[in-house]
Amino acid sequence: MMSPFTFFVFALALVCTAFASPINGTAAALEKRVTHTGRGTWFNVGLGACGKTNVDSDKIVAISSSIYGNGGNCDQYMHITNTANGKSAWGKVRDSCPGCGPNDIDMSPSLFQELGSLDTGVLKVSWHFENKKFTLP
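Caption draft 1: Just the pattern of salt bridges, in detail. Counting across every chain of the model gives four salt bridges. As a salt-bridge pair, Arg33 and Glu130 come within 3.8 Å of each other at their nearest N and O atoms. Of this pair, Arg33 sits in the loop between helix H2 (26-29) and strand E1 (36-42) while Glu130 sits in the segment after strand E6 (123-129), and the two are 97 residues apart along the sequence. Its relative accessible area of 53% is what places Arg33 among the exposed residues. A salt bridge links Arg94 to Asp75, with the nearest nitrogen and oxygen atoms 2.5 Å apart. Residue Arg94 is found in strand E4 (residues 88-97), and its partner Asp75 is found in the loop between helix H3 (65-68) and strand E3 (77-82); the two are separated by 19 residues along the sequence.

Following this line, the structure appears as structure tokens:
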């Protein structure tokens, strides 16, 4: 016969195991978030590689050609942070940036201004893609 303490420990272990078990479908819905660090610059937007025309007041991002590939990230939101002042903003991928390094991004003037002054020209930024179903809060 088990002592009350042994029974309690066994029951607690059983409950913890049940709560730690994955729920069907949850693991597949999660996406790994990779944070990139690179240079952030700005450009005057227009017709982008994603096939859509934008204006400078739109919050648009051009990503490096190596990440852009065949355009799989078109219309996907990115969260961008200026690592020097902590300001952050969201932008939508609409273009590729052939002159950018692998983790560098080029932003519309309006998006760049949410992070720093256009006069600065270049910012050190960290960024990650949001889930493809993400919409602005």
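Caption draft 2: Quick peek at the state of the cysteines. Counted by the stated rule, this structure contains two disulfides. Covalent S-S linkage joins Cys50 and Cys74, the inter-sulfur distance amounting to 2.0 Å. Its torsion about the S-S bond being -85°, the disulfide of Cys50 and Cys74 is classed as left-handed. Placement of Cys50 in the loop between E1 and strand E2 (60-64) and of Cys74 in the loop between H3 and E3 is noted, with a sequence separation of 24 residues between them. Cys50 gets classed as buried once you look at its relative accessible area, which sits at 18%. One disulfide in the model links Cys97 with Cys100; its S-S distance is 2.0 Å. In this structure, the disulfide formed by Cys97 and Cys100 twists by about 75° around the S-S bond and is classed as right-handed. With respect to class, Cys97 is no different from Cys100; both count as buried.

Caption draft 3: The arrangement of the packing of aromatic side chains in detail. Overall, the coordinates contain three aromatic pairs when judged by the stated rule. For the ring pair Tyr77 and Phe134, a centre distance of 5.7 Å and an interplane angle of 75° mean the geometry is edge-to-face. You can see Tyr77 sitting in strand E3 and its partner Phe134 sitting in the segment after E6, a full 57 residues away along the chain. On the basis of relative accessible area, Tyr77 is assigned to the buried category, the value being 17%. Residues Trp127 and Phe129 carry aromatic rings whose centres are separated by 5.2 Å and whose planes lie at 85° to one another, so their mutual orientation is edge-to-face. Judged by relative accessible area, Trp127 falls into the buried class, the value being 1%. Residue class for Phe129 comes out buried when judged on its relative accessible area of 19%.

About the cut-offs
- Residues numbered from 1 in each chain as written.
- Predicted model: local features only at pLDDT ≥ 70, side-chain atom pairs only at ≥ 80, totals over all residues.
- Heavy atoms only, no water.
- Salt bridge = Lys/Arg side-chain N within 4 Å of Asp/Glu carboxyl O.
- Helix = DSSP H or I, 4+ residues; strand = E, 2+ residues; numbered from the N terminus.
- Buried < 20%, exposed > 50% of the residue type's maximum accessible area, 1.4 Å probe, protein only.
- Disulfide = S-S within 2.5 Å.
- Phe/Tyr/Trp six-rings, centres within 6.5 Å; stacked < 30°, edge-to-face > 60°.

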